Amino acid sequence: MSAEMEPSNGNAARPRTSGSSRRVSLIWLVPLAALVISLWLAWQHYASLGTLITIRFDSAEGLEAGKTAVRFRNVEVGKVESMHLDEDLLQVVVIVRINKESRNLLNEATRFWVERPRIGLGRVSGLGTLFSGAYIAMTTSADKSLAYRTAFTGLEDPPLTADDEPGLRLLLTSTAGASVATGAPVMYKQFEVGKIESRRLVDDGQTIVYGVFINEPYDQFVNSNTRFWELGAFKMDFGTHGMNLEMEPLSVLLNGGISFATPKRLKTGDPVSDGALFELSPDLEAAPLDISNSDSAIGYVLHFDESLSGLSIGSPGVYQGV
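Rules used throughout
- Residues numbered from 1 in each chain as written.
- Predicted model: local features only at pLDDT ≥ 70, side-chain atom pairs only at ≥ 80, totals over all residues.
- Heavy atoms only, no water.
- Helix = DSSP H or I, 4+ residues; strand = E, 2+ residues; numbered from the N terminus.
- Buried < 20%, exposed > 50% of the residue type's maximum accessible area, 1.4 Å probe, protein only.
- Contact = heavy atoms within 4.5 Å.
- Areas by Shrake-Rupley, 256 points an atom, 1.4 Å probe, with all protein chains shown as cover.
- Phe/Tyr/Trp six-rings, centres within 6.5 Å; stacked < 30°, edge-to-face > 60°.
- Patch = residues over 30% accessible without salt bridge, like charges linked within 9 Å, V, L, I, M, F, W, Y side chains within 5 Å.
- Salt bridge = Lys/Arg side-chain N within 4 Å of Asp/Glu carboxyl O.
- Pairing = 2+ DSSP bridges.
- Axes fitted to C-alpha atoms, helices over the stretch in contact; angles between N-to-C directions.

Draft legend 1. Up close: the overall build of the protein. If you tally the helices and strands in the protein, you get three helices and 18 strands. Sorting the 322 residues of the protein into buried and exposed places 30% on the buried side. For the protein, restricting intrachain contacts to residue pairs at least 6 apart in sequence, the fraction spanning at least 24 positions comes to 68%. For the protein, the accessible area works out to roughly 21800 Å², and carbon and sulfur atoms hold 56% of it.

As C-alpha cells, this is what we get:
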C-alpha cells in the first residue's frame, strides 16, 4: 500500500534566519562601540596635553628634556619635551609643551629666557635656581589683539621690565661715549624711578642710543622740555665757597646712571609718548637746565667789567650777608 504524495505547491521550505542575523549585528556593535570609545579617549588625552611650541636659544645650559619647567609668574605652565640643534648647528631648538589652560599666554609679545644664577655689577638675579635648578621663564601681554604664535627666539638675558608694566619708554642719544651700562638706574631728585633697558651703537658708529624705562607715576614728570644727563661717580671741586664733594648712590657708582629734570622756566612742555627721542648730556653742567630750588626764582644775566677769577657755577649770591 503506497502512501499518497501530497501535491507540492512549488514553495520549498526555507530556514528561519531573522534571529541569527540580529545576533550577528549585535555582535559587530560591540567592537564598533569599543573603537569609538578608544578614539574619544585618545582625542581627550591629546587635547589635554596642551600646545607644542619651539624656542630657539644660543645654548641649552641647565635645560633637561622631560624635567625643565616653563614658568610664568613662578607658576608652572609647561615643560620641555625635547631638544635638538638646528640645521646650521648655531642654535638649540627646544620643544616645549604648554598646558592647555595656558594657551592664551602665547602671542607675538611673549618672550622666553632661561632663569639661571646671574651676578653682575649692580645686579644679582636667579639665585633661587641654585637649589631648584634652571627653568624657562616667560613674560607676555594680555592684549587680545596680538596675534597667536608658536615659534619664538629666546632671550639670553631676562628683560628688565615686563611689556605690560605701566610706565614710559624713551630713547636717549649720546655722542660722548657715555659709560652707562644696561640695568643702570634712572634718577629723579635722588630717587630711582627707572632703568636703562638697552644700549646700542647706531650704523654711523658715532652715536649711542639708550632705551630707557621710567616707572609710573614718575613718568608724569617727563615732557617735551625735559633734560637728561649722565651721572658721574663723584665730584670734588674747590671754589670761593670752599671744597664741595658730591657722591652718587652706590648703584650709580657701580653701574653708572642717568638723571633728568625739567627747567622751571619751561614747565609747560607737551606730553610725550613711548619712543620719544631726547639728547643725553655728558653731565649736569652741559644740560641747559635751571637748577634753582625756588619755584618763584627769577633769572638774570649780569655783565662785569672786572675779572671773575674764582667764581664758578653754584657760587652763592649774597645780599646783606644772606
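Draft legend 2. Molecular detail of unusual backbone geometry. The step from E216 to P217 runs through a cis peptide bond, and the omega angle for that step is 10°. Locating P217 in the fold gives a position in the loop between β13 (208-215) and β14 (227-231). Unusually for a residue other than glycine, K189 sits at a positive phi of about 55°. Topologically, K189 is positioned in the loop between β11 (185-188) and β12 (191-201).

Draft legend 3. Region of the structure containing the packing of aromatic side chains. Across all of its chains, the model carries five aromatic pairs by this definition. With a centroid separation of 5.1 Å and an interplanar angle of 65°, the aromatic rings of F112 and F152 are classed as edge-to-face. In this pair, F112 sits in strand β5 (residues 111-115) while F152 sits in strand β9 (residues 151-153), placing the two residues 40 residues apart along the sequence. Note on F112: relative accessible area 1%, which makes it buried. Look at F228 and F260: their rings are 5.4 Å apart centre to centre, the planes differ by 35°, and that puts the pair in the tilted class.

Draft legend 4. How the structure looks around a nonpolar patch on the surface. On the surface, a nonpolar cluster with roughly 480 Å² of combined accessible area is contributed by L29, L32, L35, V36 and L39. Assignment of secondary structure puts L35 in helix α1 (residues 18-49). Its relative accessible area of 48% is what places L35 among the partly exposed residues.

Draft legend 5. The arrangement of the sheet that holds strand β3 (residues 75-85) in detail. If you walk across this open sheet you meet the seven strands as β5-β8-β2-β3-β4-β1-β9, and the pairing is mixed. Edge positions in the open sheet fall to β5 and β9, since each of these has one partner strand only. Pairs of neighbouring strands in the sheet enclose a mean axial angle of 30°, with direction left out of account. When β3 meets strand β4 (residues 92-98), the two strands line up antiparallel, connected through seven bridges. In the sheet register, H84 faces β4, and the bridge partner there is V93.

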